[in-house]
Amino acid sequence: MTMLSRDFSYTMQKDMVSPVSADVFFASSRFPNYKIGANNQIVEVKEDSKTSSMKDMVARETALLLEQQKRLSVRDLASKFEKGLAAAAKLSDEARLKEAASLEKHVLLKKLRDALEALRGRVAGKNKDDVEEAIAMVEALAVQLTQREGELIQEKAEVKKLATFLKQASEDAKKLVDEERAFARAEIENARAAVQRVEEALQEHERMSRASGKQDLDELMKEVQEARRIKMLHQPSRVMDMEHELQALRIQLAEKSKHSLQLQKELALSKKGDKDAPHLYDIDGTLALGSYLLIYPCSDSAPELSECTIQWYRSTSEGGKKEPISGATKSVYAPEPYDVGRILQADILIADHTITLTTSAPIDPAPGLGNYVEALVRRHETEFNVVIIQMNGVDHPSQSIHVLHIGKMRIKLCKGKTTMAKEYYSNSMQLCGVRGGGNAAAQAVYWQAKVGLSFVLAFESERERNAAIMLARRFAFDCNITLAGPDDRSSSGS
């Protein structure tokens, strides 16, 4: 029996083992490490137990992408999908490489098994048992390699499915990005147009501000000149002495004018040839805006005015056509802006005959009222403090202060945040001085805001009352509306 030495594996001829083909490609520079486990099972020793399989890594990346999809912007989402697509392509390449490596392992195992089979027929004894054990180990490795190939095919299918999903998602993300870009461009164009409109509005506002600033400067210069004049009047100087002299002359002129009016009345009576007729009534008061006219008895035989019927008229000249003043049926009448330049007349009906009283001259305008109104016209809206005396013909119990807003388009009466009336200029609106009501009539107006809503308002002064009437009629005229009192047919004198 031939004995084999212990160093048989080192002294054996090289041609006893079939050489490996030169075209075989080894994925690794060394042979994989295996060990015999329980029940003689061959177990591959893994280098890194913490390294996850390809399937786990793909599943984790997919879950991460789906979780972040809700909170990423469209552009970031598209970038993520593109990166995912590249990762899927890389995984696919790795799968192909593993498939090629698996094929190389099959070739290597087959050639190794053939070599061991050839060696088993040439050895005997314990070495033969070792060869047979090595052949069993190679066959177990072949079975395990086949199982790994099945897993690799399944992973490859999943990778392809994931790559298809990521590709479709990337295309959808690109579409969304294009739509968002188009929408952003439209928003940018709209923003540019809005900025251009704002710039044009600012330029227009600047031009208007310059124009109004020049106008305000002129008004300021006038106010400064007026303040200087007032300051000079309050300084003890020759100008102040002249002012006192002028005031004394005005008083004397008023007395002379009153005496002249009395003489004119007596002259008019004498011309009528009624010297024997008793002079029962007369008109007293200054013939100017801001005053009131009063009919008073001149004789003890004159009947009480409360027992007589009174009607006031206005006419352009003495003896001309007279126009009745609707509602002026009291012994007191306060002239309003319509009466400027006109002669007023009062007819007193006693029993079966009528007594006619006429003012000796036309009504004069209030000094400085025209300039004051012209200054108010330049404003957009003017406020006047008023008290409501009557509302819809019924006395108003509250005497609290209200504010009357007279604007270019409308008139509003309010108290704080409560609005009593707010109406635009219309043909149904009426505004005039109160026609009767005692010595306070010079400060009161009648305002019909609309049909069914009227007020009697008292102002702080006669000047404010007349200015409010003239201002409202001026704005109403600009709106092609004639603002007058009840049954007034003329618009001159406003």
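Just so we're clear, the structure is a prediction, and the values are computed from it rather than from any experiment.

Conventions and cut-offs
Residues numbered from 1 in each chain as written. Predicted model: local features only at pLDDT ≥ 70, side-chain atom pairs only at ≥ 80, totals over all residues. Heavy atoms only, no water. Salt bridge = Lys/Arg side-chain N within 4 Å of Asp/Glu carboxyl O. Helix = DSSP H or I, 4+ residues; strand = E, 2+ residues; numbered from the N terminus. Buried < 20%, exposed > 50% of the residue type's maximum accessible area, 1.4 Å probe, protein only. Lys, Arg positive; Asp, Glu negative; His and termini not counted. Pairing = 2+ DSSP bridges. Axes fitted to C-alpha atoms, helices over the stretch in contact; angles between N-to-C directions. Parallel < 35°, antiparallel > 145°, perpendicular 65-115°, else oblique. Left-handed = near helix turned anticlockwise from the far one by under 90°. Contact = heavy atoms within 4.5 Å. Nonpolar A, V, L, I, M, F, W, Y, C, P; charged D, E, K, R; others polar. Patch = residues over 30% accessible without salt bridge, like charges linked within 9 Å, V, L, I, M, F, W, Y side chains within 5 Å. Areas by Shrake-Rupley, 256 points an atom, 1.4 Å probe, with all protein chains shown as cover.

Caption draft 1: Just the pattern of salt bridges, in detail. The tally for this structure, following the rule as stated, stands at 12 salt bridges. Between arginine 342 and glutamate 323 there is a salt bridge, with its nearest N and O atoms 3.5 Å apart. Of this pair, arginine 342 sits in the loop between strand E7 (332-333) and strand E8 (343-350) while glutamate 323 sits in strand E6 (residues 322-324), placing them 19 residues apart in sequence. The same class applies to arginine 342 and to glutamate 323, which are both buried. Across the salt bridge formed by glutamate 374 and arginine 474, the nearest N and O atoms sit 3.0 Å from each other. With a gap of 100 residues between them, glutamate 374 in helix H6 (residues 369-377) and arginine 474 in helix H7 (residues 462-478) connect regions that are remote in the sequence. Judged by relative accessible area, glutamate 374 falls into the partly exposed class, the value being 38%. It is possible to trace a salt-bridge network through shared partners that takes in Arg314, Glu323, Asp339 and Arg342.

Caption draft 2: Main features of the side chain of lysine 412. As for its placement among the helices and strands, lysine 412 is situated in strand E13 (residues 410-415). It is glutamate 381 that comes nearest to the buried, bridge-free lysine 412 among opposite-charge side chains, at 5.8 Å.

Caption draft 3: Spotlight on the sheet that holds E7. Spatially, three strands are ordered E3-E4-E7 in an open sheet, and the strand pairing comes out antiparallel. The outermost strands of the open sheet, each flanked by one partner alone, are strand E3 (281-284) and E7. Two elements, E3 and strand E4 (residues 293-297), share four bridges in a ladder whose sense is antiparallel. Bridge pairing links tyrosine 281 to proline 297 in E4.

Caption draft 4: Structural context of the packing of H6 against H7. Following both chains from N to C, one finds H6 and H7 inclined at 50°, their axes separated by 10 Å at the closest point. The angle between the axes of H6 and H7 places the two elements in the oblique class. Like other packed secondary-structure pairs, H6 and H7 cross with a definite hand, here right-handed. Facing Leu369, Tyr372, Val373, Glu374, Leu376 and Val377 of H6, the residues of H7 in contact are Arg463, Glu464, Asn466, Ala467, Met470, Leu471, Arg474 and Phe475. Of the residues belonging to the contact of H6 with H7, the class tally is nine nonpolar, one polar and four charged.

Caption draft 5: Representation of a nonpolar patch on the surface within the structure. Together, Leu217, Leu220, Met221 and Val224 make up a nonpolar patch on the protein surface, roughly 350 Å² of accessible area in all. Relative to the helices and strands, methionine 221 resides in helix H4 (residues 126-234). Taking relative accessible area as the criterion, methionine 221 reaches 46% and is therefore assigned partly exposed.

Caption draft 6: A look at the sheet that holds strand E9 (residues 353-358). Reading across the sheet, the four strands line up as E6-E5-E8-E9 and stay open at both edges, with antiparallel pairing between neighbours. The sheet is open, and its two borders are formed by E6 and E9, each paired with just one other strand. Strand-to-strand twist in this sheet, taken as the mean axis angle between neighbours without regard to direction, amounts to 30°. Examined bridge by bridge, E8 and E9 share six bridges and lie antiparallel to one another. Its bridge partner being in E9, leucine 349 is matched across the sheet by threonine 354.

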